[in-house]
Amino acid sequence: MTGVAWYVAGRLLQSAVLLAFVVTIGFFVIRAAPGDPVLYLYGAQNISAETLAALRQVWGLDRPLGEQYWVYVTNLASGNLGYSQINREVVSAMLARKVPNTLLLMAPSILLAAAGGVVLGTTACRRLGTATDYVIGAMSMVGYSTPPFWLAILLIVLFASTLGWLPTQGMATLGASSRGLAHALDVTRHMVLPVTVLTWWYLAAFTRLTRASMLEESRKPYLMTARMKGLSEARVFYGHALRNASRPVLTVLGLYLGTMLAGAVMTEVVFAWPGMGLLTFSAIVQRDYPVVLAVFIVSGAAVVVTNLVIDLLYAVIDPRIRYA
Amino acid sequence: MREQLAEVWRVFRRQRAAAGGFLALAVIVVASPSIVVLTGIDPEAISADVLGRPSLAHAMGTDYLGRDILGRVLHGVNTSLLVGASVAAIALSIGLVLGTAAGFYRGSIDHVIMRAADGLLIVPTFFLVLAVAFIFGGRLSFVIVMLGLTTWPQIARIVRAEVLALKEEAFVQSARALGAGDAHLMFREILPNTLPPVVAMIALLGSSAILSEASLSFLGVGDPNVVSLGQMLTSGLEYVTNAWWVPGFPGAAIFVLVLLLNVLGDGLNVALNPRLRRGGV
Amino acid sequence: MVSRRAFIATTTAGVTGAAVQGTRASRLAHAQEAKRGGTLRLLQIEPAIGFNPALEGTNWPETMRMVYNGLTDFNETGDLVPGLARSWTASEEADTFTFKLAPGVQFHDGQPCTADDVRFTYEMVADAKVASPLNVYVANLKSIDTPDKSTVTLRFNGPNVLMMPGVSAMGILPKHIWAGADPRKSQYLAQPVGTGPFKLKDWQRGDHLTFVANRDYIRKGRPYLDQVIFKVVSDAATGIQSFRNGELDAVLSQGVPGGLPYALVRQIVDARPPNIATNEFVQAFSQILWMNCAAPPFDNPKVRRAIAHSINKELIVKALLQGFGRVQDSVVGNFPSMRWAHDPAIKSDYNPARANQLLDEAGYPKKAGGRFKITILATEGFRVKLSEALRAMFTAVGIESSIQSSTWAPYIQRIRQDRETAGMIWTIFIPRQVDPSLILDYLSPKNAKPGGSNYSQWTNARAGELIEGARATGNQGKRKGMYQEIQKIVADEAPVVPLYSALGVDMWQRYVEGIHSIDSLTGTLSTIDTVSLNRS
């Protein structure tokens, strides 16, 4: 067991270093930018230079960068993500409100994409070379190449503006009830288009990946052995090959989590969905440093943690990895 | 070597979709810059014919400043091709060198390089590029460098894996026995043989770079001095219901470019990756 | 329209009365017919700081009108009418204003609104430590006296022509809530207590604000609505699409983030859908083009005039604004509030030939690569499109330009603070011009230092003399003469080039009644308490 313990310790240390790296880079890059929140709020108005300076002092923006960094890090350690002057709210509270909304989009999307992708990829591989394979291949190729923002626009124009079947944007209809079944249905209606956009690319990606790794797997000699032993084709295929082929899918799941956050920015901006993506976008525009940094750190941490968990799962399952 | 290339070409040709994609892409890569240079289209010439429908005079219509959209799309395609090629070049140079070094030397060099690569894959790079570009201005050269710097790990990983496998091959051992130095071994003997899977990755890298640049432009971070398909899409967005051709054609152009590159990349992958090539179970 | 005579008017009706005269008759009729109840959903921008008019300044005064009242109010034709003050008088020299407050007005928490609250509010605006963006309107405040609970007198060192049109309708804050603490850190920024027709029930940053009717509002029977929801969106086009889909009831010009998406609005206006009403109206909102006059090449007035001649303003209004604008010829625009000072003899002249000639005379001959290179500063969105158009127009006269786009904060930092703008051109939108002195402040030599509003760093002694002189007197005749001279100097020297003024467009579903498009401090929301929903 000590082998595993060492591995775990090593990975944890790595993750911690990675996180520290993310925080530091984020802090200095964002702070080094021209323009600050004070100017964002008052820059176009008839306000004196002295007052601008006084405001900067009140917000702690005039102290040396190193000192600001230290204060930030120590706060972070105690779970304090800071206070947003521009939005007048504690950052962790802001995130706590928005993160669930983004998860509401991401969770169904990644589940649909992964499940659908495995099913489609396996089917394509099973019926290699047939019309089914080509159709699935073509569809996944198209899906993989579609720019998400373009897709979002097309969907909005088609389903919302022209056909009027679905709402154009937002998470819930204004003025409607905010609890119970009616609310849940309302939110679901609003979710359809953004989830479609998010799922589209990932479904294609998972399909391609599953097909490729199933193909690779199905040519391995041990399957020949299984067939010669008399196992049915279906058993060979779904029982053995699929299990092994799903490993790269899991690995990629961790990676895609990171990219999906990026996709969420675009989708949320186009659909005005009140989640982390939209928050990040507005925070960058407003120079809301604490929020931008917090989002950066939280999403970085989420990806690091997810990858860590996946890696640890592998370490437990597959002894070969521990000694790599 | 020649025999290998011939074999590759044969397999590739059999992938009809990929071959078709390659042809289409080749046509675009050659035609688009040529048309622009030879005809001297000015993408910035404004006119009073604002939001004109597609017609004989303007095959793709005119935009909100009366500019010919076809000319602008051609310029935009050139920009995208430039972005794709440059990002791929940067990622390739860094990735090849670092990947080879990591695979060849192993040990601490390998460790450091791979941690850096892992780090870059995990850090929310899109956010970083978005924030930096937004804050420091979205000059095209800047965006290209940043995209190149965040995508080299994908190349490095593949190269490293290949180098690890090739290091133990007979031809490397014999070259070493003949007294070849490290550098010679790495770059003359091993590297050329790592290229096949890398080449496929390049196409995919290129397409994702084009998509990233378009996304950044879409979010308002692009370079307004360069004609960019993403920026055309963003600026044209508000006309989507009454002058669909203003965002429609640029969006379709991005889609087509990315699709062709992906098809090409897929075809190359099949042709060059020996493990996938063996047909039949 | 704000008439000069209005601020010497006294009325008998006041806030609580119901005397029926002229327009009041039609309002009463509407009041009797209007359906009560319902929720109005509007597209809006949310406040940057919060519900304190002194701190928000010119960012958001319309929405303050929901929860606050000012001494005066604007009616449906944009004239000043009694608000919290039932009558007022002004001295001949416009340096003393006395307001008599209506009795019995209460804040939402039941406390009475008195002259002390009025005094407290205006002192906050004038307080240098608070640094209110509105303090320019009360710049020469001498004293505020409150001889009794319902009388307030503001005295100024010299004429203050901005007082009535500029800040008399500004929301009055309750002293007992805001006194003694730093207003910028107050929790009441998000939980306002005012005298207004609505109370703020809920505010979700970045998403929406919910207001509920104040059933103890001083104007009996109002507001007609039960609830108003402001929907905040980051993108105007999607917001307007929501409106078309029926998810929103109205879209008011001043509430659209980033400005109106003109093509979309043009489509809606031209289509004349049966269920939507639209209204275009004049606004004193000017888009002005600036140049750095302190460094080459724009330190040469011939070059600046050449720039003015090279811009096709008509094309900009037609193409970019889709016709929702008017070319502006003189820096003092032809707006209802400033018509008396506007010089109609000054006209724009789109003349590339003349521009080329001037540039040659100025010593910048045409050569390969352009006569000289400049940079056009822009912020993403509409301004980039405007910059693209300008760039094409400059190229036509041999000036090469590149566009540098950033977000708002670094844009204004560079222009206002750093002043590293040599060889650069940029545009700034000046809203709410109620008096010529407001726009000309931007050209006054005394504001040419870093951090000041004279972005072009133009220091013309004679112009400066006239600008300050016109501020120092209340006599309209004298001021008119000075403004005429200033406009000729500005047209000649061209430190700035006024491009166009934007028309406002309000849109609402037909079942919404009582919306009046008003170009004033509190805008179309001035009459929010008489808006009703007539849905069957």
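Residues numbered from 1 in each chain as written. Chains lettered and ligands numbered in written order. Predicted model: local features only at pLDDT ≥ 70, side-chain atom pairs only at ≥ 80, totals over all residues.

**A word on the environment of Trp 9 of chain B**
Residue and element names in this part refer to chain B.
So, point 1. Tracing the backbone through its elements, the reader meets Trp 9 in helix α1 (residues 2-14).
So, point 2. A count of 12 C-beta atoms within 10 Å places Trp 9 in the exposed class.
So, point 3. Between the C-alpha atom of Trp 9 and that of Leu 268, which follows or precedes it by 259 residues, the distance is 9.4 Å. (Helix = DSSP H or I, 4+ residues; strand = E, 2+ residues; numbered from the N terminus. Buried ≥ 20, exposed ≤ 12 C-beta atoms within 10 Å, placed from the backbone.)

**Thoughts on unusual backbone geometry**
So, point 1. Pro 223 of chain C follows Arg 222 of chain C through a cis peptide bond whose omega is 0°.
So, point 2. Put simply, Pro 296 of chain C and Pro 297 of chain C share a cis peptide bond, and its omega is -5°.
So, point 3. For Pro 297 of chain C, the location among the structural elements is in the loop between β12 (276-291) and α9 (301-310).
So, point 4. You will see that Arg 106 of chain B, though not glycine, has its phi angle at about 50°, which is positive.
So, point 5. Here Arg 106 of chain B shows up in the loop between α3 (69-105) and α4 (107-122).
So, point 6. In this structure, Ala 94 of chain C is a non-glycine residue whose phi angle is positive, near 55°.

**As for the confidence of the model for chain C**
All names here are of chain C.
So, point 1. For chain C, per-residue confidence averages 86 on the pLDDT scale, and residues scoring 70 or more make up 93% of the total.
So, point 2. Between residues 1-23, whose pLDDT stays under 50, and residues either more than four places distant or in other chains, the model counts 46 contacts.
So, point 3. Both scores are given for the predicted complex: the pTM is 0.81, the ipTM 0.76. (pLDDT = per-residue confidence, 0-100. Contact = placed C-beta atoms within 7 Å.)

**Topic: the sheet that holds strand β5 (residues 96-101) of chain C**
Residue and element names in this part refer to chain C.
So, point 1. The four strands lie next to each other as β4-β5-β7-β6, forming an open sheet whose pairing is antiparallel. In this open sheet, the two edge strands, each paired with only one partner strand, are β4 (85-90) and β6 (141-148). Mean inter-strand twist for the sheet, computed between neighbouring axes without regard to direction, equals 15°.
So, point 2. Where β6 and strand β7 (residues 151-156) come together, five bridges link them in antiparallel fashion. The partner of Leu 141 across the bridge, within β7, is Phe 156.
So, point 3. Its contacts with the sheet put helix α4 (residues 115-126) on β5, β6 and β7, and the angle it makes with β6 is roughly 170°. (Pairing = 2+ DSSP bridges. Axes fitted to C-alpha atoms, helices over the stretch in contact; angles between N-to-C directions.)

**A closer look at the pairing of strand β15 (residues 400-406) of chain C**
Residues and elements named next belong to chain C.
So, point 1. Burial of β15 is extensive: five of the seven residues sit out of reach of the surface.
So, point 2. Direction of pairing for strand β14 (residues 373-379) relative to β15: parallel, over a ladder of seven bridges. The partner of Leu 377 across the bridge, within β15, is Gln 404.
So, point 3. Following the backbone out of β14, through helix α12 (residues 382-395) and into the adjacent parallel β15, one traces a crossover that is right-handed. (Right-handed = clockwise from strand over helix to strand, strands pointing away.)

**Some words on the packing of helix α5 (residues 91-126) of chain A against helix α6 (residues 131-145) of chain A**
Residue and element names in this part refer to chain A.
So, point 1. With their axes 8 Å apart at the nearest point, α5 and α6 run at an angle of 140° to one another. Comparing the axis directions of α5 and α6 gives the class oblique. Crossing geometry of α5 relative to α6 is assigned as left-handed. Across from Leu 120, Thr 123 and Ala 124 in α5, the residues of α6 making contact are Thr 132, Asp 133, Ile 136 and Gly 137. (Parallel < 35°, antiparallel > 145°, perpendicular 65-115°, else oblique. Left-handed = near helix turned anticlockwise from the far one by under 90°.)

**Comments concerning the environment of Phe 372 of chain C**
Residues and elements named next belong to chain C.
So, point 1. Relative to the helices and strands, Phe 372 is located in the loop between α11 (352-361) and β14.
So, point 2. The spatial distance from the C-alpha of Phe 372 to the C-alpha of Phe 298 is 11 Å, given a sequence separation of 74 residues.
So, point 3. When neighbours within four sequence positions are excluded, Phe 372 is seen to be in contact with Pro 297, Tyr 364 and Ile 399.

**What about helix α8 (residues 262-271) of chain C?**
So, point 1. Within the sequence span of α8 of chain C, burial applies to Tyr 262, Ala 263, Leu 264, Val 265 and Ile 268 of chain C.
So, point 2. Where α8 of chain C is buried, its residues touch α7 (236-244), β12 and β17 (496-509) of chain C.

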